[in-house]
Amino acid sequence: MTEALKDMVKAEILQGKTTYRAVQVVSPGKWELTSKPVVDPPFGHVRIRVERCGVCHSDAATVDGLFPIEWPRVPGHEVVGRIDVGTPNSMMKGL
Ligand SMILES: [Zn+2]
């Protein structure tokens, strides 16, 4: 990802209320900046405000087109963040 794209994502994260910006892969090796709606979590789940995200080997293989997936795909399933919204039975005690 280029520095300019990183700066655009950072600026959009600070502004977002009903949408958030994400970098998605539209085809193997082709990235684009997109906007996604912020949705409430289904019953029993939480929504996390992502503060950091790792990109692992599986993500790299996905981006390279090595897995049979549907495009586009937002890589980065290893996140660190804070629970933003929870529903009954979704909140773990002690967190
Ligand atoms: Zn992983």
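For the structure, check the block above.
As the structure is a prediction and not an experimental result, all values here were calculated from the model.

(A) Up close: the overall build of the protein chain. Counting secondary structure elements, the protein chain contains two helices and four strands. When the helices and strands of the protein chain are read in sequence order from the N terminus, they spell out α-β-β-β-α-β. A buried classification covers 1% of the 95 residues belonging to the protein chain. Of the contacts formed within the protein chain by residues at least 6 apart in sequence, a portion of 58% connects residues at least 24 apart.

(B) Spatial organisation of unusual backbone geometry. Going from W71 to P72, the amide bond is cis rather than trans, its omega being 0 degrees. Inspection of the secondary structure puts P72 in the loop between helix 2 (57-63) and strand 4 (78-86).

(C) Seen up close, the pairing of strand 2 (residues 30-37). Burial within strand 2 is sparse, with just zero of its eight residues counted as buried. Looking at chain direction, strand 1 (residues 19-27) and strand 2 are connected through eight bridges and run antiparallel. Each residue of the ladder has a partner; that of Q24, found in strand 2, is E32. Joining the antiparallel neighbours strand 1 and strand 2 is a turn of two residues, in which G29 adopts a positive phi near 80 degrees.

Criteria and cut-off values
- Residues numbered from 1 in each chain as written.
- Predicted model: local features only at pLDDT ≥ 70, side-chain atom pairs only at ≥ 80, totals over all residues.
- Helix = DSSP H or I, 4+ residues; strand = E, 2+ residues; numbered from the N terminus.
- Buried ≥ 20, exposed ≤ 12 C-beta atoms within 10 Å, placed from the backbone.
- Contact = placed C-beta atoms within 7 Å.
- Pairing = 2+ DSSP bridges.

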